[in-house]
Each structure stands twice: as structure tokens, then as C-alpha cells.
Amino acid sequence: MTAAPPPPAPVRSTFGHSVEGRPLRVMRIGRPDAQNRVLVVGVVHGTERAGRPILAALERRGAPRGTAYWLVYSLNPDGERRGRRQNAHGVDLNRNFPRRWRREGTPGSTYYAGPSPASEPETRALMRLVRRIRPTATVWYHQHLRLVYRQGGARPGLVARYARRSGLPLRRSPDLSGTAIRWENALGGTAWVVELAAAKPTGSVVARHVRALRAL
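Residues numbered from 1 in each chain as written. Predicted model: local features only at pLDDT ≥ 70, side-chain atom pairs only at ≥ 80, totals over all residues. Heavy atoms only, no water.

A. Layout of the pairing of strand E3 (residues 36-41). Across six bridges, the pairing between E3 and strand E4 (residues 67-72) is parallel. Counterpart to Leu39 in the pairing with E4 is Trp70. On the question of chirality, the crossover connecting E3 to the parallel E4 by way of helix H1 (residues 52-61) is right-handed. Direction of pairing for E3 relative to strand E5 (residues 137-143): parallel, over a ladder of four bridges. Residue pairing for E5: Val41 is matched across the bridge by Trp140. (Pairing = 2+ DSSP bridges. Helix = DSSP H or I, 4+ residues; strand = E, 2+ residues; numbered from the N terminus. Right-handed = clockwise from strand over helix to strand, strands pointing away.)

B. Structural detail: the pairing of strand E1 (residues 11-17). In the sheet, E1 pairs with strand E2 (residues 23-29) via six bridges, with the strands oriented antiparallel. Bridged to Arg12 within E2 is Met27. Hairpin connection from E1 to E2: five residues lie between these consecutive antiparallel strands, with Gly21 at a positive phi of about 85°.

C. Structural detail: the packing of helix H4 (residues 156-166) against helix H6 (residues 203-214). In the contact formed by H4 and H6, the axes pass within 8 Å of each other and the chain directions differ by 150°. Of the possible angle classes, the one that applies to H4 and H6 is roughly antiparallel. Pair H4 / H6 crosses with right-handed handedness. For the pair H4 and H6, the contacting residues are Tyr162, Arg165 and Ser166 in the first and Arg208, His209, Ala212 and Leu213 in the second. (Axes fitted to C-alpha atoms, helices over the stretch in contact; angles between N-to-C directions. Parallel < 35°, antiparallel > 145°, perpendicular 65-115°, else oblique. Left-handed = near helix turned anticlockwise from the far one by under 90°. Contact = heavy atoms within 4.5 Å.)

D. Region of interest: the pattern of salt bridges. Across all of its chains, the model carries 12 salt bridges by this definition. With a shortest N-O distance of 2.7 Å, Arg22 and Asp78 are connected by a salt bridge. Of this pair, Arg22 sits in the loop between E1 and E2 while Asp78 is found in helix H2 (residues 77-82), placing the two residues 56 residues apart along the sequence. A relative accessible area of 0% means that Asp78 is categorised as buried. Note that Arg100 and Asp175 form a salt bridge whose closest N and O atoms lie 3.3 Å from each other. Within this pair, whereas Arg100 is found in the loop between H2 and helix H3 (121-133), its partner Asp175 is found in the loop between strand E7 (170-172) and helix H5 (180-186), the two being separated by 75 residues in sequence. Salt bridges linked by common partners bring Glu20, Arg22, Asp78 and Arg82 together as one network. (Salt bridge = Lys/Arg side-chain N within 4 Å of Asp/Glu carboxyl O. Buried < 20%, exposed > 50% of the residue type's maximum accessible area, 1.4 Å probe, protein only.)

As C-alpha cells, then:
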């Protein structure tokens, strides 16, 4: 009996750059032609970094057979460097996507949506990445509400399964404009937000979310 071939080594690549020129990196774990393609974004707001240890643990575990992960540790390296929610232009990246975008706030305010839809290089880079890999599911980590937000999506059962496995309540997202999941789901995908607690996640919390991701 022929042994199954070993999984391919992780592949790291740059899919864009931030306002200040920092590379936006993605790591692929698993085969690029896998039937199940899961995109996981660890940091969108620079002050909400609790998703990072979950991605690190997922990287260590690897991908189940038939699945590939694309791990974006941070979509907002400038915000992380500055210790603020917004990117270097003062834009809330989760209000900058073009689906039902509207003007909101002023530069540096909490929900400033930017001067126009997809005005920010980080937003445009993520949109190109999604169109390239066409993920089966996308998980966006945020803080601090301790719940799972859904907003449409082609496969709502995936969202419910994640919420159940992670132990978080499932809620319908408020009618927010310009969000990443609203844009992705309009393309025919299935994307949702996981709101983690305010504190750094414990090892048991990380393990629970890794199990939820692998169960997809």
C-alpha cells in the first residue's frame, strides 16, 4: 500500500503593502488546490491582537487532509506599530470595504470609513487575495465582545458550527457599512467575525478555537 505523500511545506508570500510600506504577508498551509480553502485574519484593528496566538497554534497543527489555510497574521501592521485601531491614514479598515460603503467619521475617529470605498492599500490587497484564492470560509478575529457575528453568507451552517465548537454565542451582525464580511459574502463566499474577549486568550481558549477551525 502506497503511503500518502507528506503535506507540502508552508508557503509564505507578500500580497501587498501597508500605507507605510510594511509588507502584508500570508502563509499557506496545505495544497493550493485543496477542496476546502480557509482564510483566517488575525488582526484588523491594531489594538485587537488576540487572534495572533490562534493563528500561531493553527500553524503548528497544520491543515487537515483536503484543507488548506491561508493565514494573515495582520492586515494592519501600521496600526499595530502605532498602538491604535486605525491604519496610518486614520481609517478603520473594517468600514473601508466597498459593499454598502458610506461616509462615516473623520480621520482618526473610531469608525472613520476613509475618503472613498477601498481607498486604503490594505483593503485593496485583501480584496485581491480573496479573489485569487476564493476561500470556502473566512474567519476575521476582533475583540472584545465574546461572540460570533454572521452577516449573510452562502453556507450559514459553517458559521453555526464554528460558534458551537468555540463555545461562543452566535448573533446576527448589526447593519454596519463597508465591512469585510459584508463584501466577501456578496461575492458568494461565507465569512464571519469572531469577537474574542478583551484579555489575551488562554491556552484552553486558543485550543478551542483551533478545534473549531479544524472542524470546518
